[in-house]
Amino acid sequence: MIRPVFADLAGQQRVITTLTEQVDQGDPTHAWLFTGPPGSGRTTAARAFAAALQCTQSPAGCGACPTCVSVVAGKHPDVTFISTEKFEYQVRDVREIITQAQDKASQARWRIIIIEDADRMSERSGNVMLKAIEEPPANMIWILCAPSPADVLVTIRSRCRAVNLSIPSTEEVAQLLVRRDGLDLELARFAARASQSHIGVARLLARDEQARIQREKVVTLPLRVTTLPQAMEAAAEISKLSAERAEHITGADLQHKVAELRKANGLGEEENIPAGLRGQFRELEENAKRFARRASFDAIDRTLTDLTTFFRDVLSLQLHTQVELVNEHLREKLNAFAAHQSHEKTLSQIDAIDETRQRIAANVNQLMALEALMARLLQNPGRR
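Residues numbered from 1 in each chain as written. Predicted model: local features only at pLDDT ≥ 70, side-chain atom pairs only at ≥ 80, totals over all residues. Heavy atoms only, no water.

As recorded by an unreviewed UniProt entry, the protein carries the name DNA polymerase III subunit delta' and is attributed to Glutamicibacter soli. Among the UniProt annotations of the protein, the heading Catalytic activity (unreviewed entry) holds the following wording: "DNA(n) + a 2'-deoxyribonucleoside 5'-triphosphate = DNA(n+1) + diphosphate". (UniProt positions renumbered as here; feature names shortened; annotations may be inferred.)

*Asks:* Quick question: what am I supposed to make of the overall build of the protein here?
*Replies:* Across its full length, the protein carries 16 helices and five strands. Expressed as a percentage of the 384 residues in the protein, the buried residues total 46%. Considering only contacts in the protein between residues 6 or more positions apart, those separated by 24 or more positions represent 72%. Summed over its atoms, the accessible surface of the protein is roughly 19700 Å², and 50% of this surface lies on carbon and sulfur atoms. (Helix = DSSP H or I, 4+ residues; strand = E, 2+ residues; numbered from the N terminus. Buried < 20%, exposed > 50% of the residue type's maximum accessible area, 1.4 Å probe, protein only. Contact = heavy atoms within 4.5 Å. Areas by Shrake-Rupley, 256 points an atom, 1.4 Å probe, with all protein chains shown as cover.)

*Asks:* How should I be thinking about helix α10 (residues 209-219) in this particular structure?
*Replies:* Think of an α-helix as turning once every 3.6 residues; residues three or four places apart then point the same way. Looking only at α10, the buried set comprises Ala-211, Arg-215, Val-218 and Val-219. Buried residues of α10, viewed axially, fall in a sector of 85°; they line one side. (Arc of directions from axis to C-beta.)

*Asks:* I tried to follow unusual backbone geometry on my own but got confused; where do I start?
*Replies:* Excluding glycine, a negative phi dihedral is what most residues carry, and trans is how most peptide bonds are arranged. Pro-59 follows Ser-58 through a cis peptide bond whose omega is -5°. Within the secondary structure layout, Pro-59 lies in the loop between α2 (42-54) and α3 (66-72). Phi at Asn-139 takes a positive value of approximately 60°, unusual for a residue other than glycine.

*Asks:* I keep staring at the pattern of salt bridges and nothing clicks. Help me out?
*Replies:* It is possible for side chains bearing opposite charge to pair when their charged atoms get close. Tallied over the full model, the rule gives 13 salt bridges. A salt bridge links Arg-203 to Asp-181; its shortest N-O distance comes to 3.0 Å. Of this pair, Arg-203 sits in helix α9 (residues 199-207) while Asp-181 sits in helix α7 (residues 170-181), and the two are 22 residues apart along the sequence. Given a relative accessible area of 32%, Arg-203 falls into the partly exposed group. Between Glu-328 and Arg-331 there is a salt bridge; the shortest N-O distance is 2.7 Å. Beyond isolated ion pairs, a larger network of salt bridges with shared partners links Asp-8, Arg-180, Asp-181 and Arg-203. (Salt bridge = Lys/Arg side-chain N within 4 Å of Asp/Glu carboxyl O.)

*Asks:* What is the right way to read the side chain of Gln-318 from this model?
*Replies:* Residue placement: Gln-318 occurs in helix α13 (residues 278-318). Gln-318 gets classed as buried once you look at its relative accessible area, which sits at 16%. In terms of polar contacts, Gln-318 uses its side chain to reach the side chain of Thr-346, at 2.9 Å. Those residues within four positions of Gln-318 in sequence are excluded, and the remaining contacts are Ala-338, Gln-341, Ser-342, His-343 and Thr-346. (Polar contact = N/O pair within 3.5 Å; in protein donor to acceptor, adjacent residues only side chain to side chain.)

*Asks:* Mind showing me how you'd approach the sheet that holds strand β3 (residues 111-115) here?
*Replies:* Paired through their backbone hydrogen bonds, the strands of a sheet run either parallel or antiparallel. Strand order in the open sheet made by the five strands is β2-β3-β4-β1-β5, with parallel pairing throughout. The open sheet is flanked by β2 (79-82) and β5 (161-164), the only strands paired with a single partner. Taking the axes of each pair of neighbouring strands and ignoring which way they run, one obtains an average angle of 15° across the sheet. Examined bridge by bridge, β3 and strand β4 (residues 140-146) share five bridges and lie parallel to one another. (Pairing = 2+ DSSP bridges. Axes fitted to C-alpha atoms, helices over the stretch in contact; angles between N-to-C directions.)

*Asks:* Can you walk me through the nonpolar core in this structure?
*Replies:* Note that soluble globular proteins tend to have their nonpolar side chains buried in a common cluster. By size, the foremost hydrophobic cluster in this structure holds 32 residues, and its most contacted members are Leu-304, Leu-307, Phe-311 and Met-374. In this structure, Phe-311 is in contact with Pro-222, Phe-337, Thr-346, Gln-349, Ile-350, Ile-353 and Leu-377, ignoring residues within four places of it in sequence. By size, the runner-up hydrophobic cluster in this structure holds 31 residues, among which are Cys-55, Cys-68, Val-79 and Ile-143. (Core = buried A, V, L, I, M, F, W, Y, C linked by side-chain atoms within 4.5 Å.)

*Asks:* Help me out: how do you make sense of the confidence of the model for the protein in this one?
*Replies:* Where the model shows low pLDDT, its predicted coordinates should not be examined in detail. When pLDDT is averaged along the protein, the result is 87; 89% of the residues meet or exceed 70. Across the protein, the secondary-structure element scoring lowest on mean pLDDT is helix α12 (residues 228-264), at 71, and the one scoring highest is strand β1 (residues 31-35), at 96. (pLDDT = per-residue confidence, 0-100.)

*Asks:* In this structure, what is going on with helix α5 (residues 123-134)? I would like to understand it.
*Replies:* When the terminal C-alpha atoms of α5 are compared, their 16 Å separation across twelve residues agrees well with the 16 Å that a helix rising 1.5 Å per residue should span. Within α5 the residues assigned to the buried category are Ser-125, Gly-126, Met-129, Leu-130, Ala-132 and Ile-133. For α5, the elements touching its buried residues are β1, α4 (91-101), β3, β4 and α6 (154-157). (Expected span 1.5 Å × (residues − 1).)

*Asks:* Can you help me understand the packing of α7 against α9 in this one?
*Replies:* Each packed pair of helices is defined by two parameters, the angle between the axes and the distance between the axes. Between α7 and α9, the least distance of the axes is 11 Å, while the angle of their chain directions is 60°. Taken together, the axes of α7 and α9 lie oblique to each other. Of the two possible hands of crossing, α7 and α9 adopt the one that is right-handed. Taking contact as the criterion, the partners of Val-173, Leu-176, Leu-177, Arg-180 and Asp-181 in α7 are, on α9, Ile-199, Ala-202, Arg-203, Ala-206 and Arg-207. (Parallel < 35°, antiparallel > 145°, perpendicular 65-115°, else oblique. Left-handed = near helix turned anticlockwise from the far one by under 90°.)

Quick look at the structure:
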């Protein structure tokens, strides 16, 4: 029987068994690398494992005691959860993490540090982290999270115990949403399919009608964009929506952090910032700008991922694979689209989207990259 703290890990029985055994043995490996595709639940697994390790009940991992609740909520003093708003961790960032690791556990048996995006460590920052992983303080546990082992320096991953999470099935994700969030089963199944089993995205789609509307606009673009001017307009719309989404997120986040910093220093909302504190506020603004760039990239990347599902469904129909369509509700329109072009054309459209994602990740001008993509995606009904 799965212990409650692991209940939100959909389709990961093998992983749960491994982690439960380590908890029960009482002498866990000191360094872990949790890997899995986006949405597989690697961060959820890391939090659950940390909670079970710190749990004071028997069997450990009750999910209900104050220790489990505080760890999962990210509020336990002996469990530090670290992520970055930058494109990569700097050496200075890693040194700060290592300094935190020297603190002894104050309330629980273990001092645990979870690094959510270990794949964002450069070779220099990774090498700084290496010694801390090789020679940790007593009762110190590192949990690193990344999409795949290949995304982490080989010297680091060779010193960690690997835990690889798989992509859960759409039905497993749907059942999780129903059980955890009380959602309607059919809506949960739609969200699970549309998100391609990405649990976080599925939850957003199931709970947020506006998110579903935005996704629908994206996946139906190939049906509506038939001329070059329309393609240029679609590219501009995608770029604008992504920028607005990033600005909305980062603007609210910056306001919250500025308010907290003012409060911590006893400053009123309208009170001038003393010269000695201006550096701290300036650093907040610089971090917000870096986060905005990353948020904008993430928004566009998610949009292109959604767009890819349209052409993958088309290809599936053309090749008669009989697999479940991601956009099952568009089957009739997908069939009509598939009938007017060859599967070679569809493959080239999928390749075009993948190339655009890589170009944007390499800092090519986003709007220009999107314009070039939309032009390549145009369907020519006269050619097969």
